[in-house]
Amino acid sequence: MESLLCDELLEEIFQKLPPSSSSSVSLVSKRWLNLYRTSKTTLSVQLTLQNSTIPALSTLLSHYPFISSLSLLLPLESTITGDGDDPLLKTTFSDELLLLASSSCPRLQGLRFLAGPVSRSSLISLSSTCTQLTSLCINLSSPLFLTWLLNFPSLKELSIMVCHGEGFDHEIENNLGYGHDDFDAELGIESLCLSGIRTDDWGMGWLWRSCNKVKKLQLRSCESIGDGGSFSSFVRCLQGIQEVELRTCRSIVDGVLLKLAEYSHSLISLLVYDGGSREGLLRFFSHSSCNLQKIDLRLPLDLNNDHLLAASVNFRTLSSLRLQSCCLVSGEGLKALGVAMNSGLEELALINCDVVEREPGLLTTLGQNLKQLRKLDLSYNEMLFDKELISMLVSCHYLVDLNLRGCKRLTNSAMVTMSKSCKCLENVDIMSCCGIESGAVELLLLNSPKLRKVLVEETKLSDAAKTWASLKFIQLV
């Protein structure tokens, strides 16, 4: 059989195999191993800071000549043998790794390089070797001199994590000319993610002025959006913004939301996690003129009914609402949203939200109002009982995705109703649901005609369940 399969056909087969089969393929024969390696276009490697790392990585990459997406990760706790605390040594080590990656993988289109801060000169070398690069994720030391981005004309996705106090000789960088940012440019970046920005991070103003094509903006653990002049420049990149994510950015969230409400009329998706502002959020929900479609919030002490009531009035185009650990929300706000969005909301997530447990009948009302729901996530509501869930599911006939992970009080009864009422289900997560037994899992597999994936413990899978899953091509995870 092996002799009948040509190399090209085998490589195509290998590309379609799930990751779990990779180790088995490489053990069949040397021919299969070589073909498997040449068929790989994506590779992720976790490194250690040791003298043998660079030659070992060089040997590894030589076996994968067609890599187009590479991820190199270095654990934070790793140290260099002998002198691990020297910032310059770490930067030199990172530069050597980056140069090795670029020279070994000239076809790279995506590079995720989280192996320490790199110098601007090594990034210039990367641009000359990997001319097809469209996605780049890196660590940089402050201060930030970002004009090296002009050497990546094809770059569409950029992610920068700022490392403070781990720099090198910036005076040398300035003399090389990489630090001059007193001019405007036009970068083609459409997705921008920034982590760890502080008020003294010079160079951000130039980036904001030069990014007029950004569609998706992510800010993570940022105390500022850059040096003093950056905020006025920041507004320039908001005109065409469609998606914004603010994670742990309490000190700037008010200002960003205010500018979004004023300038971002094309915004369709907003995520705010771990650090919001009641006043800033309310102003945004009340005064924004965008047609927001997705809201994702994890704000235990900042979100309340006022925000939901404002959203129900101002965002009638909402199709997805995700709330996580929102302790101050009550049924009043959620019911108002349910009534306002009854024909449009397709995704609802109430993750670890105790309002589900506090107010009996809430899920019943939501189910009756939101009959077009496709995705429902009630994970980690440990006090959710069968009666409440069942009363909602009987109205949700079009559910495709259902996540009940960590709902410890649910039993087999909930599974029976799920099997009878939700005939469109494709993906179900019932991990860590102690009250659901193997017989109920088997019933779900048997009576769900469109089911494609179930996340459940191995101990709850009977031989009959595994057989049914195999016959119906259902993935069990």
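Thresholds applied
- Residues numbered from 1 in each chain as written.
- Predicted model: local features only at pLDDT ≥ 70, side-chain atom pairs only at ≥ 80, totals over all residues.
- Heavy atoms only, no water.
- Axes fitted to C-alpha atoms, helices over the stretch in contact; angles between N-to-C directions.
- Helix = DSSP H or I, 4+ residues; strand = E, 2+ residues; numbered from the N terminus.
- Parallel < 35°, antiparallel > 145°, perpendicular 65-115°, else oblique.
- Contact = heavy atoms within 4.5 Å.
- Buried < 20%, exposed > 50% of the residue type's maximum accessible area, 1.4 Å probe, protein only.
- Arc of directions from axis to C-beta.
- Phe/Tyr/Trp six-rings, centres within 6.5 Å; stacked < 30°, edge-to-face > 60°.
- pLDDT = per-residue confidence, 0-100.
- Expected span 1.5 Å × (residues − 1).

Packing of helix α13 (residues 331-340) against helix α15 (residues 362-369) brings their axes to within 9 Å, and their N-to-C directions diverge by 10 degrees. Here α13 is positioned roughly parallel relative to α15, judged by the angle of their axes. Contacts between α13 and α15 involve Gly-331, Leu-334, Lys-335, Gly-338 and Val-339 from the former and Leu-362, Thr-365, Leu-366 and Asn-369 from the latter.

Right, let's get into helix α18 (residues 438-447). Within α18 the residues assigned to the buried category are Ala-440, Val-441, Leu-444 and Leu-445. Viewed along the axis of α18, the buried residues span an arc of 140 degrees, placing them on a single side of the element. Buried residues in α18 make contact with α17 (412-421), β15 (427-429), β16 (453-455), α19 (463-471) and β17 (475-476).

What follows deals with the side chain of Asp-377. Residue placement: Asp-377 occurs in strand β13 (residues 375-377). For Asp-377, the contacting residues outside a window of four places in its chain are Arg-322, Leu-348, Ala-349, Leu-350, Ile-351 and Asn-403.

Let us look at the packing of aromatic side chains. Taken as a whole and judged by the stated rule, the model has five aromatic pairs. Arranged with centres 4.9 Å apart and planes meeting at 80 degrees, the rings of Trp-208 and Phe-234 form a pair that is edge-to-face. On the criterion of sequence distance, the pair formed by Trp-208 in helix α8 (residues 204-210) and Phe-234 in helix α9 (residues 230-234) is long-range, its members being 26 residues apart. Both residues of the pair, Trp-208 and Phe-234, belong to the buried class. Note on Phe-284 and Phe-315: the rings are 6.1 Å apart at their centroids and 40 degrees apart in plane angle, and the pair reads as tilted.

Attention now moves to the environment of Lys-371. For Lys-371, the location among the structural elements is in the loop between α15 and β13. Sequence separation between Lys-371 and Asn-342 is 29 residues, and the spatial gap between their C-alpha atoms is 7.0 Å. In this structure, Lys-371 is in contact with Asn-342, Ser-395 and Tyr-398, ignoring residues within four places of it in sequence.

Once that is clear, we can look at the confidence of the model for the protein. Per-chain confidence: the protein averages 86 in pLDDT, with 86% of residues scoring 70 or above. No element of the protein has a lower mean pLDDT than helix α7 (residues 170-176), at 42, and none a higher one than strand β14 (residues 401-403), at 98. Between residues 79-85, whose pLDDT stays under 50, and residues either more than four places distant or in other chains, the model counts 10 contacts. Confidence over residues 167-179 falls short of pLDDT 50; this stretch has 27 contacts with residues more than four positions distant or in other chains.

A word on helix α10 (residues 250-263). With 14 residues, α10 extends 21 Å from end C-alpha to end C-alpha; this agrees with the ideal 20 Å at 1.5 Å per step. Within the span of α10, buried status applies to Ile-252, Val-253, Val-256, Leu-257, Lys-259, Leu-260 and Ala-261. Taken together, the buried residues of α10 touch β7 (216-220), α9, β8 (243-247), β9 (269-273) and α11 (278-287).

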